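# Secondary and tertiary structure notes
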Amino acid sequence: QSRYGRQNGFCQVSCFVRDGTGEIKAINVANKIIEAFPRSTRITDGELIVRIDSPPYYKNGINQGNGWFMLPVTIPFTVLT
């Protein structure tokens, strides 16, 4: 049995690029965010530990209709306290 309390969550980062500049540009930004949080990353602050147990990912982008295209990146995590 673990000595830690566990809570799962996720952080979502929205990558915005000007509409018409191409989805590839948004994917490049999303991939940079994903690379910054590889699986097994541990972030600590005192006794608080945030662990990336699953790899971050992006889903389909959304044309905002206001000149912007948004691609959401999801970073799943587990908090150990």
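Heads up: the structure comes first, above all this text.
Notes on the structure follow.

Scoring rules and cut-offs
- Residues numbered from 1 in each chain as written.
- Predicted model: local features only at pLDDT ≥ 70, side-chain atom pairs only at ≥ 80, totals over all residues.
- Heavy atoms only, no water.
- Helix = DSSP H or I, 4+ residues; strand = E, 2+ residues; numbered from the N terminus.
- Expected span 1.5 Å × (residues − 1).
- Buried < 20%, exposed > 50% of the residue type's maximum accessible area, 1.4 Å probe, protein only.
- Arc of directions from axis to C-beta.
- Contact = heavy atoms within 4.5 Å.
- Core = buried A, V, L, I, M, F, W, Y, C linked by side-chain atoms within 4.5 Å.

### Looking at helix H1 (residues 23-36)
- Relative to the 20 Å expected for 14 residues at 1.5 Å per residue, H1 spans 20 Å between its end C-alpha atoms, a close match to the ideal helical length.
- Taken together, the buried positions of H1 are occupied by Ala26, Ile27, Ala30, Ile33 and Ile34. With its buried residues spanning 120 degrees around the axis, H1 presents them on a single face. Every exposed residue of H1 that faces more than 90 degrees away from the buried side is listed here: Ile24, Lys32 and Glu35.
- Considering only its buried residues, H1 is in contact with strand S1 (6-18), strand S4 (57-58) and strand S6 (68-80).

### Here we look at the nonpolar core
- Counting residues in hydrophobic clusters, the biggest one holds 12 residues: Cys15, Val17, Ala26, Ile27, Ala30, Ile33, Ile34, Ile52, Phe69, Leu71, Val73 and Ile75.
- Every element with two or more residues in this core is listed here: S1, H1 and S6.
- Tallying contributions element by element places H1 first for this core, with five residues.
- Among residues more than four places away in sequence, those in contact with Ile34 are Pro56, Tyr57, Tyr58 and Val73.

Take it as geometry only, folks, not as evidence of what the structure does.
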